[in-house]
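# Geometric and topological summary
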Amino acid sequence: MEENQSKLDSYIDYINAHILPFIDYNELDRSYRTEEKAYAKGILNRLHTAMLEQYGDTRLVCGHGDLQEDYAVVPGVVQGTKTGEIALALLGIDLSSSGEHCQTEFLCKYGVVSQGHNDLPKALAGEITARYLPYDYCYTADIAGDIHISKSRLPEGIREILKTFQYHTAELLFEENEDMDMER
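Residues numbered from 1 in each chain as written. Predicted model: local features only at pLDDT ≥ 70, side-chain atom pairs only at ≥ 80, totals over all residues. Heavy atoms only, no water.

## Brief notes about the overall build of the chain
Stated precisely, the cut-off is as follows: Runs of H or I in DSSP of at least four residues are treated as helices and runs of E of at least two as strands, each being numbered from the N terminus. The quantity called the radius of gyration is restricted to C-alpha atoms. Its globule counterpart is 2.2 Å times the number of residues to the power 0.38. Per-residue accessibility, obtained with a 1.4 Å probe over protein chains only, is compared with the maximum for each type, and a residue is labelled buried under 20%, exposed over 50%, and partly exposed between these values. By definition in these notes, contact holds between two residues if any of their heavy atoms fall within 4.5 Å. When charges are counted, neither His nor the chain ends are considered; positive counts come from Lys and Arg and negative counts from Asp and Glu. To locate a charge, take NZ of a lysine, CZ of an arginine, CG of an aspartate or CD of a glutamate.
Helix and strand content of the chain: six helices and seven strands. Counting helices and strands in the order they occur from the N terminus, the chain gives α-α-α-β-β-β-β-β-α-β-β-α-α. The C-alpha atoms of the chain give 16 Å as radius of gyration, which agrees with the globular expectation for 184 residues (16 Å, within 12%). The principal-axis extents of the C-alpha atoms in the chain amount to approximately 50 × 45 × 35 Å. Within the chain, buried positions represent 45% of all 184 residues. Sequence-distant contacts, at least 24 apart, represent 62% of the contacts inside the chain between residues at least 6 apart. Separation of charge centres in the chain, based on 16 positive and 32 negative side chains, amounts to 10 Å.

Below you can see the structure in the form of structure tokens.
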């Protein structure tokens, strides 16, 4: 982490450089439709591990704690309440409040798609709306003081992914170690 860089910025920079550009988004979308959802769980595990490395912990606290940031982006899962469709997401959580969820970046076959951006093509915005909105969500972090999440009342699809994602790994389209081997 760079000197004076926030944990949030470190996490965003890390996943933008090492994970998000190298996901096979078509494979991810196919994985959502399988019973096991193995590739999706593996990607979620990579995002979660990066969160642990960059934030230094997976436990965050709402309200003003010691050295606590006011906002975090954390990996999670969304499930459309009308369709039951699952997607991984990067969820923006306001830690200065009671855990207000204020941003969603869907990981779908088109890549990372921000909810509510007016510059999205109408067809893409319509597909995201049809597949996922409205949605239930939960994240891999443990955010104390978030009054909006009740892990005991999550839809089964989200609960199952969160229960087992850490047992999965996913290959990225490009691995740094492979590139270094090719240079030798």
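## Description of the sheet that holds strand β3 (residues 86-94)
Note the cut-off: Here, a strand pair is defined by DSSP locating no fewer than two bridges between the strands. Only C-alpha atoms enter the line fits that serve as axes; for helices the fit covers just the stretch in contact. Angles between N-to-C directions range over 0 to 180 degrees.
Strand order in the open sheet formed by five strands is β5-β4-β3-β2-β6, with antiparallel pairing between adjacent strands. Two strands close off the open sheet at either side, each with one partner strand: β5 (111-114) and β6 (135-139). For this sheet, the mean angle separating the axes of adjacent strands, direction not counted, is 35°. Where helix α1 (residues 7-18) meets the sheet, it contacts β2 (71-80) and β3, and its direction lies at approximately 55° from that of β2.

## A word on the pattern of salt bridges
Oppositely charged side chains are able to pair whenever their charged atoms sit close together. Note the threshold: Should a side-chain nitrogen of Lys or Arg be within 4 Å of a carboxyl oxygen of Asp or Glu, the pair is scored as a salt bridge.
Under the defined criterion, the tally for this structure stands at nine salt bridges. Here R59 ties to D57 by a salt bridge, and the two come within 3.0 Å at their closest N and O atoms. A relative accessible area of 55% places R59 in the exposed class. Classification of D57 as partly exposed rests on a relative accessible area of 23%. Put simply, R159 and E156 hold a salt bridge, and the shortest N to O gap is 3.8 Å. With R159 and E156 both in helix α5 (residues 156-164) and three residues apart, this pair spans about one turn of that helix. Under the relative-accessibility criterion, E156 is labelled partly exposed at 49%. What you see here is one network of salt bridges that share partners, running through D29, R33, E85, K109, E127 and R131.

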